[in-house]
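# Report on the structure
If you want the building blocks of each chain, they are given just below.
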Amino acid sequence: MDRRQFMTTTAGMIMAAACANLAAAPFVPPRDPQCVAFAPGGTLVATGCSGLTDSTFPPRPHPDVRKCGVVAVWDVQTGKRLFRWETFGDLTKLAFSPDGTLLAAARLFETADGLALHEVRVWDATTGRLVKLLDRCHSFDFSPDGRQLAVLSRSKCALYDVKDWAKETLVKPLGGAVTVSFAADGLSLIGVVRDEGKYRLRLASLETLRAGETATSQESLSLDEPFYRVAVAVDGSLLATGHDDGNIVVWDAATLDIRSRLKTGERGLAHPFFSPDAKLLAAGCQENGDVVIWNLAERQEVGRFTFEKGGLRTYQSRPAGATFRPERDPTRFCFSPDGDAILVGAYGGILRATSGGQELRRFGD
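All of the points below concern the structure found in this document. (Residues numbered from 1 in each chain as written. Predicted model: local features only at pLDDT ≥ 70, side-chain atom pairs only at ≥ 80, totals over all residues. Heavy atoms only, no water.)

### As for the sheet that holds strand 3 (residues 69-75)
Strand pairing in a sheet is mediated by backbone hydrogen bonds. Such pairs are either parallel or antiparallel. Judged by pairing direction, the sheet is antiparallel, and its 4 strands sit side by side in the order 1-2-3-4 without closing on themselves. Both outer strands of the open sheet, strand 1 (35-38) and strand 4 (81-87), are each paired with one neighbouring strand and no more. Going from strand to strand, the sheet's axes swing by 10° on average, the running direction of each strand aside. Note that strand 3 and strand 4 share 6 bridges and pair antiparallel. The residue of strand 4 that forms the bridge with A72 is R84. (Pairing = 2+ DSSP bridges. Helix = DSSP H or I, 4+ residues; strand = E, 2+ residues; numbered from the N terminus. Axes fitted to C-alpha atoms, helices over the stretch in contact; angles between N-to-C directions.)

Next comes the structure, spelled out in structure tokens:
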């Protein structure tokens, strides 16, 4: 055998061995998303995995597909991925617009020296095209009629018309709030605000703004520990907020008085979410992914799901003693539009039947 034949044969053997080792490589499980969302029609879901940067400035997504952040849209029936976008930082919310044509995501990210590069990004859910990028914004919510998007930045709360993205007005009572949600009727905004080291709900009327007057507001009593989300019942009667040690506070949506308190029995931060008919209230544990479901009429537990691998990973580096950590409470749980299933950001994104907990579908590469 001459030298050329030897080199060719050896190279072929090495490539064959490499391919064999690749085929025999251990299975790499899909990443668990920090955020999930159902499209209104029930045919699509979105998942969002937080991730790392490439350690440059300005930062970009990490080049390794298993380390960068990823937002993806999936077909529920087939499990096929339809769109995929790369990002970085901690994803804290995903939501489709009420008509299902838009998908928005909120991302938190700070550089090592404290420069905040948060953003809200909006895509066309039918084409995958980027529609709007709102820099230095950390929270959003679509109005119930889908015509507006409320967005929070460090010092402002603004309303945008999603048709032409004209900034309609500023909602001053909620400037700099932690999070924002539209009331069920779309006539007011509800936010979590920080006030002298404590946290409370604040409701700002949009009717007075539309009449050309200053927005009026009302507040709840204050709580010592931070909380980051407000769940709104579709019938407009109740709000719910989640707290550490598995605590849920249920509020009267009109008066912001406390109606009741519920406990999940889990030690982690609780994330509440209402069923589409407002008859059930569920809470997911951000520490382990477990879900508890209550019947609101009787305040009785009617279901509980557990997950062996449902832990939440965050990426933002904060001092050990920091108490304010909004990345700890992403939208990792939601009901399907018909209420028959619950989507949880565990096992790559898993869909389970509300009644009985039967696994229906898993998403992920």
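### Considering the packing of aromatic side chains
Applying the stated criterion across every chain yields a total of 11 aromatic pairs. Here Y160 and W165 contribute two aromatic rings whose centre-to-centre distance is 6.4 Å and whose plane-to-plane angle is 50°, an arrangement assigned as tilted. For the residue pair Y160 and W165, the accessibility class agrees, reading buried in each case. On the basis of an interplanar angle of 15° and a centroid distance of 6.1 Å, the ring pair of F273 and F333 is categorised as stacked. Of this pair, F273 sits in strand 21 (residues 270-274) while F333 is found in strand 25 (residues 333-335), placing the two residues 60 residues apart along the sequence. This pair shows no difference in class: F273 is buried, exactly as F333 is. A connected cluster of aromatic rings, assembled from ring pairs, spans F83, W85 and W123. Over the face of the ring belonging to F88 we find R107, whose NZ or CZ atom lies 4.1 Å from the ring centre. Seen from the ring of F324, R194 lies directly overhead, with NZ or CZ sitting 4.0 Å from the centre. (Phe/Tyr/Trp six-rings, centres within 6.5 Å; stacked < 30°, edge-to-face > 60°. Buried < 20%, exposed > 50% of the residue type's maximum accessible area, 1.4 Å probe, protein only. Lys NZ or Arg CZ within 6 Å of the ring centre and 35° of its normal.)

### As for the environment of D277
By secondary structure assignment, the location of D277 is in the loop between strand 21 and strand 22 (280-285). In this structure D277 comes out as partly exposed when scored by relative accessible area, which is 46%. For D277 and G339, which are 62 residues apart along the polypeptide, the C-alpha to C-alpha distance reads 7.5 Å. Of the polar contacts made by the side chain of D277, one reaches the side chain of S275; its length is 2.6 Å. For D277, the side chain forms a polar contact with the main-chain nitrogen of K279, separated by 3.0 Å. (Polar contact = N/O pair within 3.5 Å; in protein donor to acceptor, adjacent residues only side chain to side chain.)

### Quick notes on the pattern of salt bridges
A full pass over the atoms with the stated rule returns 16 salt bridges. A salt bridge links K93 to D141; the shortest N-O distance between them is 3.1 Å. Remark: D141 occurs in strand 9 (residues 137-142) and K93 occurs in strand 5 (residues 90-96); sequence separation between them is 48 residues. You can call K93 buried: its relative accessible area is 11%. Judged by its relative accessible area of 15%, D141 is buried. Among the salt bridges present, the one from R362 reaches E359, with a minimum N-O distance of 2.8 Å. Looking at R362, the relative accessible area reads 42%, which means it is partly exposed. When salt bridges that share partners are traced, they join D195, R200, R202 and E219 into one network. (Salt bridge = Lys/Arg side-chain N within 4 Å of Asp/Glu carboxyl O.)

### Brief notes about unusual backbone geometry
Put simply, F57 and P58 share a cis peptide bond, and its omega is 0°. Along the polypeptide, P58 turns up in the loop between strand 2 (44-49) and strand 3. Of note, the phi angle at A278 is positive, near 65°, even though the residue is not glycine. Looking at the secondary structure, you find A278 in the loop between strand 21 and strand 22. Using a relative accessible area of 11% as the deciding quantity, one classes A278 as buried. Of note, the phi angle at Y347 is positive, near 55°, even though the residue is not glycine.

So far we have only geometry, and geometry alone does not tell us how the molecule works.
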